[in-house]
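Fold and geometry: a report
The primary structure of each chain is shown beneath.
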Amino acid sequence: MKHTRESLSNCGVCAVYQCLDGHIHLKYRGVDLAMPPEDFYQVAGTIAQAILVLNDDSSKSLADIDIPISV
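Below or above, wherever it landed, is the structure these notes cover.

**As for the overall build of the protein**
Helix and strand counts for the protein stand at 1 helix and 4 strands. Of the regular secondary structure in the protein, the N- to C-terminal order runs β-β-β-β-α. Looking at the 71 residues of the protein, the share that counts as buried comes to 17%. Of the contacts formed within the protein by residues at least 6 apart in sequence, a portion of 4% connects residues at least 24 apart.

Written out as structure tokens, the structure is:
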């Protein structure tokens, strides 16, 4: 990984940035996941969907979200 090109977002426990190689990095505490922009859009969409579901029904937890998993 080369040095950061652009910080896209950050807070106390996580950050999203793009390196000079063009990868989008999702950093959470000590974990730094690098992915091509296309994969990042899928990851971000999945997280956004989880937030909407959780906001829609506060009695649900992440374990209640029925999303097929394939990696």
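**Details of a nonpolar patch on the surface**
A contiguous nonpolar patch, built from V13, Y28, V31 and L33 and spanning about 350 Å² of accessible area, is present on the exposed surface. The residue Y28 is located in strand β3 (residues 24–28) in this model.

**As for the state of the cysteines**
Evaluation of the coordinates by the stated rule reveals 0 disulfides. Looking at the unpaired C14, the closest cysteine sulfur is the one in C11, lying at 3.4 Å.

**Focus: the pairing of strand β2 (residues 14–19)**
Counted residue by residue, β2 has 5 buried out of 6 residues, so it is predominantly covered. For β2 and β3, the ladder comprises 5 bridges, and the chain directions are antiparallel. Along β3, the bridge assignment pairs Q18 with I24. Turn length for the β2-β3 hairpin, with the two strands adjacent in sequence and antiparallel, is 4 residues, and the turn residue G22 shows positive phi of about 95°.

**A word on the environment of S9**
Relative to the elements of secondary structure, S9 occurs in strand β1 (residues 4–10). Expressed as a C-alpha distance, the spacing of S9 and L26, which sit 17 residues apart in the sequence, is 9.6 Å. Among all residues touching S9, those that are not within four sequence positions of it are A15 and V16.

**Considerations on the side chain of H25**
In this fold, H25 is placed in strand β3. At a separation of 2.9 Å, a polar atom in the side chain of H25 contacts the side chain of D32.

**Points about the environment of R5**
Tracing the chain through its elements places R5 in strand β1. In this structure R5 comes out as partly exposed when scored by relative accessible area, which is 48%. Separated by 14 residues in the primary sequence, R5 and C19 place their C-alpha atoms 4.8 Å from one another. Beyond its immediate sequence surroundings of up to four residues, R5 is in contact with Q18, C19 and L20.

Calculation rules
Residues numbered from 1 in each chain as written. Predicted model: local features only at pLDDT ≥ 70, side-chain atom pairs only at ≥ 80, totals over all residues. Heavy atoms only, no water. Helix = DSSP H or I, 4+ residues; strand = E, 2+ residues; numbered from the N terminus. Buried < 20%, exposed > 50% of the residue type's maximum accessible area, 1.4 Å probe, protein only. Contact = heavy atoms within 4.5 Å. Patch = residues over 30% accessible without salt bridge, like charges linked within 9 Å, V, L, I, M, F, W, Y side chains within 5 Å. Areas by Shrake-Rupley, 256 points an atom, 1.4 Å probe, with all protein chains shown as cover. Salt bridge = Lys/Arg side-chain N within 4 Å of Asp/Glu carboxyl O. Disulfide = S-S within 2.5 Å. Pairing = 2+ DSSP bridges. Polar contact = N/O pair within 3.5 Å; in protein donor to acceptor, adjacent residues only side chain to side chain.

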